[in-house]
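Architecture and fold: a report
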Amino acid sequence: MNEHSTDLRETVRRRYAAAAVQVTGGGTACCGPQPVEVDETFGSALYGADERDALPAEAVAASLGCGNPTAVAALRAGERVLDLGSGGGIDVLLSARRVGPTGRAYGLDMTDEMLQLALANAEKAGATNVEFLKGTIEAIPLPANTVDVVISNCVINLSTDKPAVFAETFRVLKPGGRIGVADVVADDALTSAQRAERGDHAGCIAGALSFAEYRQGLAAAGFTDIEIIPTHPVADGMHSAIVRATKPLNTDAPTATAEAPDACCGVSACCAPAETSTGPAPTLTEAKTASGCGCRH
């Protein structure tokens, strides 16, 4: 990763760390946690009132997404779902309710403050079929072919290496698995400079792909049945969009990436701090143990 990309990632991390602290600090006020919503095009207003009311107030307040991916992913009981950039956990908790006790919902985030908030929200919600992992969406800390559905809410546009995100998403999905993503997408006519004029990178605007670029990126990773549908504008020529795609049942694509020097069984991250695994489904730690290498810290 070059210096510019590193700086952008750190800017994003700081922004979301501050958002988590704002929510946590607001929880001591008389009126509950302070929401971090920007405007009506982002945040918890994009969820139904019944969904918001069923979750901890802190999970709702921390929502910064541009859509509701759980409403478009058609989650089914018993499935394993992974949320890229899970933040305060709103989509993980909604997914956990949909897949039920025989399913499992994973949340992946790189920000310690958000992971701590998500774990607290899961405990408040009484969710026992969730697991939060620390890591980046360009190097997903899960084995290949283990997830039925990948969701994400306005996070892929924040990545500085989107081909890696698409490749990793394809890797962890089972054959026949699918993605259901909400993300910001630009009109094909807008140049990168024009996108940057409409908003900054951490604000989910400057780093957005165009419709054609998004489709090409997913296709290059191996996805089929690609569908990108704009839902509402977020800036001039920029849209929140629903993105769906499928990993073919028959694929010759590699099912594992090269193991990093400090990786374990091809996986370079463990569960979030202080987290314990629950439920019968194999977890990240259990997968490592079964392979004979344990979980290295």
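Structure's up top.
A brief report on the enclosed structure follows. Remember, predicted model here, so these are calculated numbers, not experimental data.

Within the chain, the secondary structure is distributed over 9 helices and 8 strands. Per-residue burial for the chain yields a buried fraction of 53% across its 297 residues. Once local pairs closer than 6 in sequence are excluded, the contacts in the chain between residues at least 24 apart make up 72%. For the chain, the accessible area works out to roughly 12,700 Å², and carbon and sulfur atoms hold 53% of it.

Within the structure shown, the criterion is met by 2 aromatic pairs. Look at Phe-166 and Tyr-214: their rings are 5.5 Å apart centre to centre, the planes differ by 50°, and that puts the pair in the tilted class. Linking Phe-166 in helix 6 (residues 162-172) with Tyr-214 in helix 8 (residues 211-221), this pair joins segments that are 48 residues apart in sequence. According to the relative accessible area criterion, Phe-166 is buried, its value standing at 4%. Tyr-214 sits in the buried class, given a relative accessible area of 2%. We note Lys-247 situated over the ring of Phe-170; from NZ or CZ to the ring centre the distance is 4.8 Å.

What follows deals with the environment of Ala-96. Assignment of secondary structure puts Ala-96 in helix 4 (residues 90-99). For Ala-96, a relative accessible area of 5% gives the class buried. Leaving out residues up to four positions away in the same chain, Ala-96 has contacts with Ala-105, Asn-129 and Val-130.

Here is what the cut-offs are and how they apply
- Residues numbered from 1 in each chain as written.
- Predicted model: local features only at pLDDT ≥ 70, side-chain atom pairs only at ≥ 80, totals over all residues.
- Heavy atoms only, no water.
- Helix = DSSP H or I, 4+ residues; strand = E, 2+ residues; numbered from the N terminus.
- Buried < 20%, exposed > 50% of the residue type's maximum accessible area, 1.4 Å probe, protein only.
- Contact = heavy atoms within 4.5 Å.
- Areas by Shrake-Rupley, 256 points an atom, 1.4 Å probe, with all protein chains shown as cover.
- Phe/Tyr/Trp six-rings, centres within 6.5 Å; stacked < 30°, edge-to-face > 60°.
- Lys NZ or Arg CZ within 6 Å of the ring centre and 35° of its normal.

Just geometry here; none of it tells us what the structure is for.
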